[in-house]
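# Analysis of the macromolecular model
Read off the chains here:
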Amino acid sequence: MNAVTHTHAVNRWWWPAGRAGFALLMACYAALVVLCLATLVATGDLSFGRSPWDNLLKTLSEFARPSLLDAWFGPERLEYRSDDGTVLRVENRRAVEAAYLAGLARATWVTFQIATLGSLLAALLALPLALLVARNLRAPRPLAWGAKAVLDVTRAVHTLVFGLVLVGIVGLGPTAGVLAIALHSMGTYGKLFAESIESLDMAAVEAVRATGASPMQVFFHGVWPSVLPQFVSHHLYVWEFNIRDSTILGLIGAGGLGLLISEAVSLFQWSRLATLLLVVIALVVGFDALSRRIREALL
Amino acid sequence: MNAVTHTHAVNRWWWPAGRAGFALLMACYAALVVLCLATLVATGDLSFGRSPWDNLLKTLSEFARPSLLDAWFGPERLEYRSDDGTVLRVENRRAVEAAYLAGLARATWVTFQIATLGSLLAALLALPLALLVARNLRAPRPLAWGAKAVLDVTRAVHTLVFGLVLVGIVGLGPTAGVLAIALHSMGTYGKLFAESIESLDMAAVEAVRATGASPMQVFFHGVWPSVLPQFVSHHLYVWEFNIRDSTILGLIGAGGLGLLISEAVSLFQWSRLATLLLVVIALVVGFDALSRRIREALL
Amino acid sequence: LPAALRAQGTPLNFGVGMFQPDREKNDATYRPLAAHLAARLGRPVNLRTVDSWEGLAKSLANGETDLALMGPWGYVLANHYAGAQVVSTILYQGKPEYFGMIVTHPDSGLETLDDLLGAKGRGRSFAFGDKGSTSGYLIPYFEFQKRGIDPEKHFSRVLYTKHQAIQTQVTAGQLDAGADYNRNRDAMIAQGLISAARSKVIWQSAPLPNDAVAVSATLARDAAFVRRLQEALAEVGPLLATQAQLLPANYTGFVARDNAFYKPIRDAGLATGKLEPR
Amino acid sequence: MSAAVSLHGVTVEAGGRTLLQVADFRLTAGEHVALVGPNGAGKSTLLRLIGGQVAAASGRVTVLGRDVADAAPLQVRRQHRREVGLLSQGLHPVPRLTARENVLIGALARLQGLDAWRSWWRRYPPALVTEADQALAAVGLAEQAGVRSDRLSGGERQKVALARLQLQQPQLVLADEPTSALDPAATRHVCAALRSLAGGGRSLLTVVHDLALLPLLADRVVGMSGGRIRWDLPRAALGHEHLAALYDPASADAVVTGPMPASPSVSASASASVPAARAPGSVHAGLLSQAGTG
Amino acid sequence: MSAAVSLHGVTVEAGGRTLLQVADFRLTAGEHVALVGPNGAGKSTLLRLIGGQVAAASGRVTVLGRDVADAAPLQVRRQHRREVGLLSQGLHPVPRLTARENVLIGALARLQGLDAWRSWWRRYPPALVTEADQALAAVGLAEQAGVRSDRLSGGERQKVALARLQLQQPQLVLADEPTSALDPAATRHVCAALRSLAGGGRSLLTVVHDLALLPLLADRVVGMSGGRIRWDLPRAALGHEHLAALYDPASADAVVTGPMPASPSVSASASASVPAARAPGSVHAGLLSQAGTG
Ligand SMILES: Nc1ncnc2c1ncn2[C@@H]1O[C@H](COP(=O)(O)OP(=O)(O)OP(=O)(O)O)[C@@H](O)[C@H]1O
Ligand SMILES: Nc1ncnc2c1ncn2[C@@H]1O[C@H](COP(=O)(O)OP(=O)(O)OP(=O)(O)O)[C@@H](O)[C@H]1O
Ligand SMILES: [Mg+2]
Ligand SMILES: [Mg+2]
């Protein structure tokens, strides 16, 4: 494809063009990084501690026994004693851990439900906006600006903020969660989608447009088949992200994996943290495998 | 390019190939979405509240006056009175808000520093792994699997978990934050990078490989020039994400935009939330503009 | 004891929980105290502010932080998992103790904890502090448990949020009841953030130990050092008369205490299963 | 006669260079014109300019009666695009769509109402599908109709593009080296197909390197080099000196001077007359003597 | 003489079809062979198989003495790739790199030690840069050396690929329609360049559609259709019946039967002898009479 298209390469007098411009930009970035490093070093904040390796090994060993093993192999009678020896609590570790695992399954399912619907809604909302934003599809300028503004703002507004606002609007409950996730993720999707479209080989798309096809026809016959693999993998990525990281769920009174993680972190429950990490890793690996499978079939 | 390459398209007997396979997958997805919707509807959880529009308008009006205006136009003498009229506290709104803005600026700078270094480190760590993971670069299988495992696990481990572990290893301070962000973001980067590489037009890369160039030469002459625009935009995206969303900073004793947001959310400080949102929007718009500018120069 | 830690001139890492809105202010608040300790112990002291006590406890546990001023629950965890030892407890208005409480608003119709946990309170909304909070979560949760109530089942909705948010929402009537502690409520009333008339206390806990100054397990074995540290901290109270900036307002000094003083909290942790038995 | 294309004082610029500079160019409706010239002469740029994919830096470009720089409602622009059929240089079918689907793209602009909506999901009226299959069969791709276009061979992709054009039924065909990847038999067939596609008052503008194809493709030949039109002649008037002037002397040094007979004829009725090796220059004479054969 | 390439009982499969089925094929070192056949015959597949970009489903492929299916250490594989120069079908320079940088890629495998490391940042020894510029100048791209390769015209891209090959100095050149986008003058030049690149005992295997170029490119011609080798002859023995057998009768119907003279000769010393229009079939005779001219 030739670079001579209707997209006018904008030249700014205050910034060199082409490689020189990029080099200058890189120089600015390097300067910024050096500045950040220097401030940290100057305040003596950049240190690797006294014995990082010992600590690392110690920490890793703490993760070695995930709590889910207790559901089968834990003591059936575990006594919690005070310093003076009085028994404060007796628990059946197996039952407790089984209950925790059940709670974990419920939390995962809740997050899964909300994230699935939220992510789907986000993708559906983001798609038309991404089409307007992608420069190479040449949507009318004002529409493109409007769409870009919507995407930037939704991406800027934290899911928690959306959640809080929405709880006030549609009341407590999953609806608020779904909408909050959808609105925030929409911004991420829109950006990723638009950039996939922008890095498309335009020759084939131009050829479709040249037949006199309508904009939607150009999209469905020229753009969609080419970007579908990337859309699918972006969708799976955002979906997965929403499941493993949902911080919105506390606000609406549901559990969610993200909250269980921060709870385990704050209680130093390493073995539970290990269990949670196993679940999340399984989730990530599963989504990634699915994503690969689909891309493989599509590419 | 021809599809006949060394990459064997894996055929599984239990899954139809090509479009039928994709259609079946879509059907499964649709079923899943319907299931999620149905469970929510069945439990009566899917509702839009009693008067969503009124609430929406009310909420929007709460955001209408960002607190930063108070720094210039707020009352200089604001009295907090008890129900019986006794004055409990008098504050100079302007001074209070100016102090808040200064704190906000400091928090932004702190997050900025840590996110910048963390994101850069993440990108540097992720790049070689992404090269191993991308199927079309045909790295030796065991290496590819190893790299994929590293990326999946780091993506699965929450920044907070990394943070807590690292605080125990390198001690309190920005170093732990930088490393935690770097390790978690590495997983995201690695995935995005590898997928950019996988959706590359391979004809030119194959041609470079065919000259007998070493793997690194193939990368720097065939892959890098083509994927650079996408790498840059992914880098800016992750960087921006880390700045606006850093949950790790509390752990290491810094402020950070993310913490200010969740504080404002939990205290229902709408006008401060509005101020914070303005800052984040400015940040997002700025990063996005930069990303576009660079892509424009590079594409 | 590693020679490096004992040696004169090796800096001591002093971690402080975030008691002020931002790090800078917090650092400024505690720098005089750090300077005081540096002078008395004859070693430089690095001050490090941490917003979340998990980080503080974890780094204390691994010996990356030497001494810390931390909340009681954080201390109990650090002691439980890493052998960190309390040397002194801070005094608030002269007392080393405070109280957890449950508040409601006057229109709720709830008069006592029994009301809240009985039929009258069923289906209400209730807010704990975050799950790492002593007075906001652990103690009230322990109390509910002793009375055989599972809050997740008893209440229609249970939230976990910040102390200030609980007070604001309860007085605004958005929540039926919530857990808090006396110092926060007093401060908010004093600042005019809530009105005393709208905040009704229906339950108060047994006295709870205040924030602890703890040292890492390694340092704790150095009895001489611990004694010098306790002495240095004990001097703070009298010095406040001339150097008011040593501690924030209302804090009046330190008193030497040991691990046993924190037993009520440890017991609550064990009884609720939040602390694993050893 | 009305002009299908007219250019006045047009320049195209990119990367600080002037790629094209055309004082005056006119293509009358019904004319078949070939564009020849060395690599980098600006032939593709001229086609892309007329096709609306490149904007002129100055001057006036009128195509099928419309100024291409004028803002027009989308409907008009679409109709215009449909009437201008573009075969661009390089092999660019839409990947992951089958050959048949790629051909059907040519008919998109023809669809109305419900059919247009259904086309979003790549469902087409059976009549169109038949038409597409016929167009594919005509270029010898009957068997490959269901194969993904990115799995096709180079020549097959080029044939798909031609079949698409057949469904598009444009008024003006712009073809940029439409036979570069084709075998000799297919080359002849495609040239004939382009001619008949542009029959009945329609116009054809083809970029071509193989001068042997001129009789098959054009009645008028335009020579370009260095971004300018050097001459513009009826095919019959084309002489050796014109071509010599076009291909720059510097690279002409390297040119093998022996004349090369072109593609084979595979007609069964081939006779066996064997002419002697011809002297240099005979090529053009031979070429010109073929006038009207296509 | 040693075999540069030998295939035994090889099949290549994809999409449930057998794309290629070669019982026996051998290319002796120093030989120059052309591959002809209709679109979709499997010519590119054969080249890609020999070049190691496609794996055989069965059979044995030996190239420059190495079995391509054997696992070899990276160093050996790299050396092997360097010795096999591939010009693939289509125009695929690395985008965003300049023409010069694209040409220098050919020399990457030659770099040793520090130079190899510096090449990561696209810094090259001045001697190589000069070599690259010379190679570009030879194909008439001296001016375009610093232009981004995705801004080059179709022909210019193909020339860049050739210049790259010149720096690679391979033992075996595999060229898939190397002149499809070139103007007539450049075509002759590139053919000559390929021949000289493959001189001195090196081998050349070219896919070509324009039969007029056979004398310039090959001493032996292999005809393929339907994924099989149909015949394998010295160029001098090539007759009309061989070509007729190759291009399938179905599409032969559409083939214009008149012989077409090929590209112009632009030598200044052109004489003016004008032969009469020749009868069909004369093409091959003319072709054969040219043996040795290239
Ligand atoms: N993955 C695939 N699935 C199905 N068919 C394929 C696949 N890859 C290639 N083919 C078919 O294999 C045949 C041979 O292709 P190849 O590219 O070798 O042809 P070619 O002789 O080079 O043709 P051309 O002259 O047009 O370049 C073509 O018909 C093509 O459609
Ligand atoms: N953006 C650009 N910057 C610089 N030069 C450019 C740019 N775009 C095109 N060119 C140059 O413009 C010239 C004309 O290109 P064009 O594609 O029109 O040539 P062409 O006549 O079609 O050649 P070919 O026969 O090789 O296809 C070429 O030399 C090309 O390098
Ligand atoms: Mg061209
Ligand atoms: Mg081919």
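If you check an unreviewed UniProt entry, chain A appears there as Phosphonate ABC transporter, permease protein PhnE from Rubrivivax albus. You can read under Sequence similarities (unreviewed entry) in the UniProt record for chain A the words "Belongs to the binding-protein-dependent transport system permease family." Within the UniProt record for chain A, the comment given under Subcellular location (unreviewed entry) is "Cell membrane".

What chain C contains, in helices and strands, is 13 helices and 13 strands. Relative to the 2.2 N^0.38 estimate, which gives 19 Å for 278 residues, the radius of gyration of chain C is 20 Å and therefore close to what a compact globule would have. Reported as C-alpha extents along the three principal axes, the dimensions of chain C are approximately 65 × 45 × 25 Å. Buried residues in chain C amount to 62% of all 278 residues. Within chain C, contacts between residues at least 6 apart in sequence are counted, and of these 76% link residues at least 24 apart. Looking at chain C as shown, the accessible area adds up to about 10200 Å², and 51% of this sits on carbon and sulfur atoms.

Turning to the coordination of the magnesium ion (ligand 4), a few remarks are in order. Residues and elements named next belong to chain E. At this site the magnesium ion (ligand 4) is bound by S44 (OG) and Q89 (OE1), with donor distances of 1.9 to 2.2 Å. On the criterion of sequence distance, the pair formed by S44 in helix α1 (residues 43-50) and Q89 in the loop between β6 (84-87) and α3 (99-104) is long-range, its members being 45 residues apart. For Q89, a relative accessible area of 19% translates into the label buried.

Any two side chains of opposite charge can pair if their charged atoms end up close together. Applying the stated criterion to the full structure yields 55 salt bridges over all chains. Taking the shortest distance from any N to any O, the salt bridge between K148 of chain A and D288 of chain B comes out at 2.8 Å. Within this pair, whereas K148 of chain A is found in helix α5 (residues 141-156), its partner D288 of chain B is found in helix α12 (residues 270-298), the two belonging to separate chains. Residue classification places D288 of chain B among the buried positions, given a relative accessible area of 5%. Between D288 of chain A and R155 of chain B there is a salt bridge whose closest N-O contact spans 3.4 Å. One end of the pair, D288 of chain A, is in helix α11 (residues 270-298); the other, R155 of chain B, is in helix α5 (residues 141-156), on a second chain.

The next point concerns the sheet that holds strand β3 (residues 67-70) of chain C. Residues and elements named next belong to chain C. Strand order in the open sheet formed by 6 strands is β2-β1-β3-β12-β4-β13, with mixed pairing between adjacent strands. Where the open sheet ends on each side, the last strands, each with one partner, are β2 (45-50) and β13 (251-256). Direction aside, neighbouring strands of the sheet carry axes that sit 20° apart on average. Of the pairings in the sheet, the one linking strand β4 (residues 85-92) to strand β12 (residues 212-215) comprises 4 bridges and is antiparallel in character. Looking at β12, one finds that S88 is bridged to V213. Contacts from helix α3 (residues 53-61) reach β1 (12-17), β2, β3 and β12 within the one sheet, and its direction differs from that of β3 by about 155°.

Moving on to the interface of chain A and chain B. Between chain A and chain B, the contact holds 86 residues from the first and 87 residues from the second. Summing both sides of the interface, chain A and chain B together bury roughly 8100 Å²; the carbon and sulfur share of this comes to 67%. The tally of links from chain A across to chain B stands at 19 residue pairs in polar contact (both at pLDDT 80 or more). The element best represented in the side of chain A that touches chain B is α11 of chain A, accounting for 15 residues. Of the residues that constitute the side of chain A that touches chain B, the class distribution is 50 nonpolar, 19 polar and 17 charged.

With that settled, consider the nonpolar core. Among the nonpolar cores identified, the biggest contains 174 residues, and V36 and L194 of chain D together with V36 and L194 of chain E are the most heavily contacted of them. Setting aside its immediate chain neighbours within four residues, V36 of chain E contacts K43, V208, L211, L214, V221, V222, G223, M224, W231, L246 and Y247 of chain E. One finds Y29 and A71 of chain A, I243 of chain B together with Y98 of chain C within the second-largest nonpolar core, a separate group that totals 163 residues.

Moving on: helix α6 (residues 154-168) of chain D. Because the α-helix completes a turn every 3.6 residues, residues three or four places apart line up on one side. Over its 15 residues, α6 of chain D extends 22 Å from the first C-alpha to the last, a length consistent with the 21 Å expected when each residue adds 1.5 Å. The buried count for α6 of chain D comes to 13 of 15 residues, which makes it a mostly enclosed element.

Between chain A and chain B, the superposition needs a rotation of 180° and an axial shift of 0.1 Å, giving an RMSD of 0.3 Å. On this basis, the relationship between the two copies can be described by a two-fold rotation axis. Comparing contact sets, 100% of the residues at the interface of chain A also lie at the interface in chain B, consistent with an isologous, same-surface contact.

Turning next to the pairing of strand β7 (residues 172-176) of chain E. It is a general feature of regular strands that their side chains alternate between the two faces of the sheet. Residue and element names in this part refer to chain E. Most of β7 sits inside the fold, with 5 of its 5 residues counted as buried. Side-chain alternation along β7 places L172, L174 and D176 on one buried face and V173 and A175 on a second face that is also buried. Pairing of β6 with β7, which is carried by 4 bridges, proceeds in the parallel orientation. Across the sheet, L87 pairs through a bridge with A175, a residue of β7. Direction of pairing for β7 relative to strand β8 (residues 203-207): parallel, over a ladder of 5 bridges. Each bridged residue has a counterpart across the sheet, and for D176 the counterpart in β8 is V207. This β-α-β element, β7 to helix α7 (residues 184-197) to β8, shows right-handed connectivity.

Basis of the calculations
Residues numbered from 1 in each chain as written. Chains lettered and ligands numbered in written order. Predicted model: local features only at pLDDT ≥ 70, side-chain atom pairs only at ≥ 80, totals over all residues. Heavy atoms only, no water. UniProt positions renumbered as here; feature names shortened; annotations may be inferred. Helix = DSSP H or I, 4+ residues; strand = E, 2+ residues; numbered from the N terminus. Rg over C-alpha atoms; globule rule 2.2 N^0.38 Å. Buried < 20%, exposed > 50% of the residue type's maximum accessible area, 1.4 Å probe, protein only. Contact = heavy atoms within 4.5 Å. Areas by Shrake-Rupley, 256 points an atom, 1.4 Å probe, with all protein chains shown as cover. Donors = N, O, S within 2.8 Å, 3.2 Å for Na, K, Ca; no water. Salt bridge = Lys/Arg side-chain N within 4 Å of Asp/Glu carboxyl O. Pairing = 2+ DSSP bridges. Axes fitted to C-alpha atoms, helices over the stretch in contact; angles between N-to-C directions. Buried area = accessible area lost by both parts, 1.4 Å probe. Polar contact = N/O pair within 3.5 Å; in protein donor to acceptor, adjacent residues only side chain to side chain. Nonpolar A, V, L, I, M, F, W, Y, C, P; charged D, E, K, R; others polar. Core = buried A, V, L, I, M, F, W, Y, C linked by side-chain atoms within 4.5 Å. Expected span 1.5 Å × (residues − 1). Least-squares fit on C-alpha atoms with pLDDT ≥ 70 in both. Right-handed = clockwise from strand over helix to strand, strands pointing away.

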